[in-house]
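Okay, here's what each chain looks like letter by letter:
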Amino acid sequence: MAAAPPTPAPPRILLAGDAHGRLHQLFKRVKSVNQSTGPFHALLCVGQFFSPAGDAEGAPGDVADYLEGRAAVPIPTYFTGDYGPAAPRLLSKAAAGARGFAPGGIEICPNLFWLRGSNRFTLHGLSVVYLSGKKGPGGPGCYSQDDVDALRALAEEPGIVDLFLTNEWPTGVVNEADTSNVPNQVLDPLGCDPVIAELVAEIKPRYHIAGTKGVFYSREPYVNDSAAHVTRFIGLANVGNKEKQKFIHAISPTPASTMSSADIHAKPPNTTLSPYAAPAKSVPIEEAPKRPADNTDAQYWRYDVKRQRQGEAEGGRLCFKFTSSGSCPRGSKCHYRHDEEAVEHYQRNVCFDFLNKGKCERGPECKFAHSLSGETSVRDARPHSERRRVESSCWFCLSSPDVESHLVVSIGEAYYCALAKGPLVPDHVLLIPVEHCPSTLMMPSEAEIELGRYKNALVKYFEKQGKAAVFFEWVSQNSRHANLQVVPVPFPKSDAVNKIFHLAAKRLGFEFSVVNPDGGAKGARESLRSQSESKSSLFYVELPEGKILLHMIDSNEKFPAQFGREVLAGLLSMADRADWRNCKLSKEEESQMVDDFKQGFREFDPAE
């Protein structure tokens, strides 16, 4: 029998307190420790990273040496204390260049990462959560309510947090602890934050690391309410402090994700009660309350499915697939009419709406002909062959050879519904106009009615799964074919969607306008349509409570195309899935995903 592969050694991490801009001194010590007892994988800095004295004492010069390449950071270093007089100036370039979310830090120079705001990321297998900045009136260097709310949402995620990084200590951390031999600074409430105490009680990390009080303090481990593991608090002193207090500390924690139940449940002899909450009940891990995981969607697909209606004509309506390409994969089972004459007219550039309903509400805005005599649209100056080339190369046109037809789950008259390529979550849906159109807001009002039916059907479908639907669309001046994205969010997280989008906007330097402040759904999209212009770029998101947030994008603004997906990936703690290219599946896996979705969605499908 082959020997089992050796268990990987746990990562070795250095922790440091307030650097106060003394980076030469900090990194000299890091190099020394790394040579004598290393190697270490990373350095995590809490407390005030920049000098509190502005340009005095030459301290900011230390930072500038690293930012400008005159000195090198010895190991990957992450810091949260982004405040001090010199901080805005030194971080301005990094802040301006940051786009989207960077849970693992914004690299401001080689090996130096700024942990901005709040988030969760994985570092050598360790789950790390952080809150950057300190409590204050707001502005640079102060954490916001959005940052706090984002962490409250993260606290609902399944899995154990290994490390929680904050700049200030939590209020009450010494409660239930042995304080007979601790310095007076430890007992002094100055520099302690009650908000952090609330957060740490909710997040329940295995290690909580903080600075700001200028003293080293390693508290006895304490139990957590409704959790099997214990938490250890470590407070660190300032770099180069005159009292010779410990400002650097080494730990080597095994990631909780790889630990056995017995190891997670282990409690050292000096374990105390929680300083923040009622005593935790000692329960086996198997019996402890478990947070619902996101991969339980399948259980909601196990119910009886209505029989699909077959071969029913829908009042003579044309099948777009057949009309645009001359064939339809549904064949005799298609609900819509297959008309060879309509195919010929469509090939002569006749508007599909005109063929199907005898009219087109877009009038002169339409780029297709409104006559069966072969007259072309006055507005469309492009040759028919050029328009056909555009559609044939479009991923979303049903007539294109490049369309991923196996992802289609429902086809209506004006819209079809498909699962996303490289989905954020298994039920990530796209609502796509059948006709080649750059924005759903440019579709005729009659199509808007059908879009509403699809949206209502998806809301009901997701509600049955215990989830809320979030709709968003990015419209660029270069958009070719519209797609309204729909991502389901578990109900416990749905209240945080509004705040996390506002937080993301703030990080990118803009503010959303609210299309319907009262949250009323009636007329909301009509109001949105009236505010948009055919040549403008925009992003909007429809929140679970019905509000629509809108951002009109300036012509010179570099707006991230994956913004909506990045925000929801952050909310769902799926930062690694923010880019769809990281989530590609095989065609067989995609087909199975579509079959599963169809079974559950069929009873709600407006096209059935």
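Keep in mind that what you see is a predicted model, and the values were worked out from it rather than measured.

K.L.:
Whenever I open this one, the overall build of the protein confuses me. Can you help?
P.N.:
The number of helices and strands found in the protein is 17 helices and 23 strands. When the 608 residues of the protein are sorted by exposure, 53% land in the buried category. Long-range pairs, those at least 24 residues apart, make up 68% of the contacts in the protein between residues at least 6 apart in sequence.

K.L.:
I tried to follow the sheet that holds strand β5 (residues 112-114) on my own but got confused; where do I start?
P.N.:
Sheet strands associate in pairs through backbone hydrogen bonding, adopting either a parallel or an antiparallel arrangement. One open sheet accounts for six strands, arranged β4-β5-β3-β2-β1-β15; its pairing is mixed. With one partner strand each, in any of the chains shown, β4 (106-109) and β15 (248-251) form the two edges of the open sheet. Pairs of neighbouring strands in the sheet enclose a mean axial angle of 25 degrees, with direction left out of account.

K.L.:
Explain the nonpolar core here, please?
P.N.:
Of all hydrophobic cores here, the largest spans 41 residues; its most connected members are V429, L431, L458, V486, Y540 and F597. The dominant element in this core, judged by the number of residues it contributes, is helix α12 (residues 445-463), at seven residues. Not counting residues within four places of it along the chain, the set of residues in contact with L431 comprises Y415, Y416, C417, L451, Y454, K455, L458, F471, N483, L484 and V486. Of all hydrophobic cores here, the second largest spans 31 residues; its members include L26, C45, F50 and W114.

K.L.:
Is there a simple way to explain unusual backbone geometry in this structure?
P.N.:
Trans peptide bonds make up most of the peptide bonds, and negative phi angles are found at most residues other than glycine. A cis amide bond links G38 to the next residue, P39, at an omega of 5 degrees. Relative to the helices and strands, P39 is located in the loop between α1 (23-37) and β2 (42-45). Phi is positive for H20, close to 50 degrees, though the residue is something other than glycine. Considering the arrangement of structural elements, one finds H20 in the loop between β1 (13-16) and α1. Phi angles above zero are rare outside glycine, and E176 is one such case at about 70 degrees. In this fold, E176 is placed in the loop between β9 (169-170) and α5 (184-187).

K.L.:
Looking at this structure, I do not really get helix α17 (residues 587-601). What am I missing?
P.N.:
Because an α-helix packs 3.6 residues into every turn, residues spaced three or four apart end up facing the same way. With 15 residues, α17 should cover 21 Å at 1.5 Å per step; its first-to-last C-alpha distance of 21 Å lies within 8% of that length. Turning to α17, the residues buried within the fold contact β16 (408-411), β17 (415-419), β18 (429-433) and α12.

K.L.:
Explain empty space enclosed by the protein here, please?
P.N.:
Gaps between atoms show up when a probe of the same size as a water molecule is rolled over them. On inspection of all chains with the given rule, the structure shows two cavities of 30 Å³ or more. By volume, the second largest cavity amounts to about 70 Å³. In this structure, the second largest cavity is lined by 10 residues; those nearest its centre are S118, N119, A150, I500 and G570. Those elements that place two or more of their residues in the lining of the second largest cavity are β6 (118-123), α4 (145-154), α14 (497-508) and α16 (563-571). Sort the elements by how many residues they give to the lining of the second largest cavity and α14 lands first, with three residues.

K.L.:
When you look at the sheet that holds strand β22 (residues 537-542) in this model, what are you seeing that I'm missing?
P.N.:
Spatial strand order, β16-β17-β18-β20-β19-β22-β23-β21: eight strands in an open sheet with antiparallel pairing. Edge positions in the sheet fall to β16 and β21 (513-514), since each of these pairs with one other strand and no more. Of the pairings in the sheet, the one linking strand β19 (residues 467-475) to β22 comprises five bridges and is antiparallel in character. Along β22, the bridge assignment pairs E473 with Y540. Relative to strand β23 (residues 548-553), helix α15 (residues 524-531) is tilted by about 10 degrees, and along the sheet it contacts β20 (484-490), β22 and β23.

K.L.:
Just to check I follow, could you spell out the packing of aromatic side chains for this structure?
P.N.:
Two descriptors summarise a pair of aromatic rings, namely the distance from one centre to the other and the angle between the planes of the rings. A complete count under the given rule lists 28 aromatic pairs for this structure. With centroids separated by 4.9 Å and ring planes inclined at 70 degrees, the aromatic side chains of Y461 and F597 adopt a geometry described as edge-to-face. Remark: F597 occurs in helix α17 and Y461 occurs in helix α12; sequence separation between them is 136 residues. Each member of the pair Y461 and F597 is classed as buried.

K.L.:
How should the pairing of β2 be read in this particular structure?
P.N.:
The side chains of a regular strand alternate between the sheet's two faces. On β2, burial covers both faces: A42 and L44 on one face and L43 and C45 on the other are all buried. Pairing geometry for β1 and β2, over four bridges, is parallel. Along β2, the bridge assignment pairs L14 with L43. You can see the chain leave β1, run along α1 and come back into β2, and the turn it takes is right-handed.

K.L.:
What should I look at first to understand the pattern of salt bridges in this one?
P.N.:
A side chain of one charge can pair with a side chain of the opposite charge if their charged atoms are brought near each other. One pass over the structure, following the stated rule, counts 14 salt bridges. Note that E68 is salt-bridged to R70, the shortest N-O span being 2.4 Å. Each of the two residues, E68 as well as R70, counts as exposed. Each of the salt bridges in this network shares a partner with another, and the network as a whole consists of E448, R525, E526 and R529.

K.L.:
Which parts of the structure should I look at to understand the environment of L23?
P.N.:
Summarising the element assignment, L23 is placed in helix α1. Residues L23 and A71, spaced 48 residues apart in sequence, show a C-alpha to C-alpha distance of 10.0 Å. In this view, L23 contacts F49, D62, V63 and Y66; residues no more than four positions away in its chain are not counted.

What counts and how
- Residues numbered from 1 in each chain as written.
- Predicted model: local features only at pLDDT ≥ 70, side-chain atom pairs only at ≥ 80, totals over all residues.
- Heavy atoms only, no water.
- Helix = DSSP H or I, 4+ residues; strand = E, 2+ residues; numbered from the N terminus.
- Buried < 20%, exposed > 50% of the residue type's maximum accessible area, 1.4 Å probe, protein only.
- Contact = heavy atoms within 4.5 Å.
- Pairing = 2+ DSSP bridges.
- Axes fitted to C-alpha atoms, helices over the stretch in contact; angles between N-to-C directions.
- Core = buried A, V, L, I, M, F, W, Y, C linked by side-chain atoms within 4.5 Å.
- Expected span 1.5 Å × (residues − 1).
- 1 Å grid on protein atoms, 1.4 Å probe; cavity = no way out; pocket = protein on both sides within 12 Å on 5 of 7 lines; lining within 4 Å.
- Points joined across faces, edges and corners; volume = space filled by probe spheres on them.
- Phe/Tyr/Trp six-rings, centres within 6.5 Å; stacked < 30°, edge-to-face > 60°.
- Right-handed = clockwise from strand over helix to strand, strands pointing away.
- Salt bridge = Lys/Arg side-chain N within 4 Å of Asp/Glu carboxyl O.

Interpretation note: all reported values are geometric properties and have no functional meaning in isolation.
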